[in-house]
Amino acid sequence: MATNVVELRTPQGRESLELLLEQVTITCPEDIHDAAVALARIAQERGMQIAVCDDISSKEPMVDADGTILNADIFRWLDDGARWWEDHRLALHSPLPRACRYESEPFWVNRHGFNTRWRNSYLGEIDLNDFEKRSLCRAAIVVPVHLPFGQISASSFISMDRDKEDLSAEFAENGALFAMVTRCFVAGYVQANRTKRRIPSDCVLSKREVECLRWAAIGKTDKEISMILNRSHATIRYHIHRAGEKLDSVNRAQTIFKAGQLGYLGASD
């Protein structure tokens, strides 16, 4: 599938942009409803309807402080066949959230391919067969938001003209703005609702601990790591165990997982 490179225009009007960002800013759960209304209006005024998912791995719908489902009652995805937020299989089968696993910048896509700010070979290999059926739209502007601890958000802007298949003009004109307001909204929503702490705060791993975990993350055993680093088997085990204590992990696998979530292990390729 083709991946075309496009250029976004910088949003004009500093004061108006600051005002829009202020309107979608969330500092507590009570801000969610009004911020969502503002986000929906920003999309509608530009001929689009927005769909927001804060975590593509979660089955929980996004709600305001009163439990109102945002995508249903505010973003108005209510018609038969349009309630995408009720179909949890979409995160696995739709090319839209799947692409957000491989891209962090906004893009637009239709059955002919992805259109991004730079070439991304991963997107070019994503299957776009039956695009409309699997994505529930003919074309979409998509804004990925990569959040702390490995959480990925995927939000889509769909034209009010459901037959429209070419969003190149809309993406060039409003793509940067859509990315800014969506990221502001999603980041605030996630922070306002984050109650569980699975990662110790202010965790600092040593250079040797990180080095051992990087090798462990690609499948090397302690014995193999000891040969690579020219250290004793016991020393390698100590460093990995010490890292696990700092990360409050229950086993080696969780130690590697948490270190990856904090960005200690870097990219996988």
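As a reminder, the structure under discussion sits directly above these lines.
Residues numbered from 1 in each chain as written. Predicted model: local features only at pLDDT ≥ 70, side-chain atom pairs only at ≥ 80, totals over all residues. Heavy atoms only, no water.

Draft legend 1. Focus on helix α11 (residues 233-246). Taking 1.5 Å as the rise per residue, α11 with 14 residues should run 20 Å; its terminal C-alpha atoms sit 20 Å apart, in good agreement. When we look at burial in α11, the residues that qualify are I236, H239, I240, A243 and G244. Buried residues in α11, looked at end-on, bunch into an arc of 140°, giving them a common side. Every exposed residue of α11 that faces more than 90 degrees away from the buried side is listed here: A234, R237 and H241. If you follow the buried residues of α11, they end up packed against α9 (207-217), α10 (222-229) and α12 (252-261). Taken from the residues just after α11, D248 is the one with a positive phi, measuring 55°. (Helix = DSSP H or I, 4+ residues; strand = E, 2+ residues; numbered from the N terminus. Expected span 1.5 Å × (residues − 1). Buried < 20%, exposed > 50% of the residue type's maximum accessible area, 1.4 Å probe, protein only. Arc of directions from axis to C-beta. Contact = heavy atoms within 4.5 Å.)

Draft legend 2. Geometry of the environment of S94. Relative to the helices and strands, S94 is located in the loop between α4 (90-93) and α5 (95-100). Taking the relative accessible area as the measure of exposure, S94 reaches 4% and is therefore buried. Linking S94 and L128, residues 34 residues apart in sequence, is a C-alpha distance of 8.9 Å. If sequence neighbours within four positions are ignored, S94 has contacts with R134 and S135. A polar side-chain atom of S94 sits 3.2 Å from the main-chain amide nitrogen of L96. (Polar contact = N/O pair within 3.5 Å; in protein donor to acceptor, adjacent residues only side chain to side chain.)

Draft legend 3. Structural detail: the pairing of strand β6 (residues 152-159). Taking burial as the measure, the 8 residues of β6 include 8 buried ones, the bulk of the element. Of the two faces of β6, the one lined by I152, A154, S156 and I158 and the one lined by S153, S155, F157 and S159 are each fully buried. Two strands pair when backbone bridges link them, and strand β2 (residues 48-53) and β6 are joined in this way by 6 bridges, in the antiparallel orientation. Bridging across to β6, C53 finds its partner in A154. In terms of strand pairing, strand β5 (residues 139-146) meets β6 through 6 bridges, oriented antiparallel. Its bridge partner being in β6, H146 is matched across the sheet by I152. Joining the antiparallel neighbours β5 and β6 is a turn of 5 residues, in which F149 adopts a positive phi near 65°. (Pairing = 2+ DSSP bridges.)

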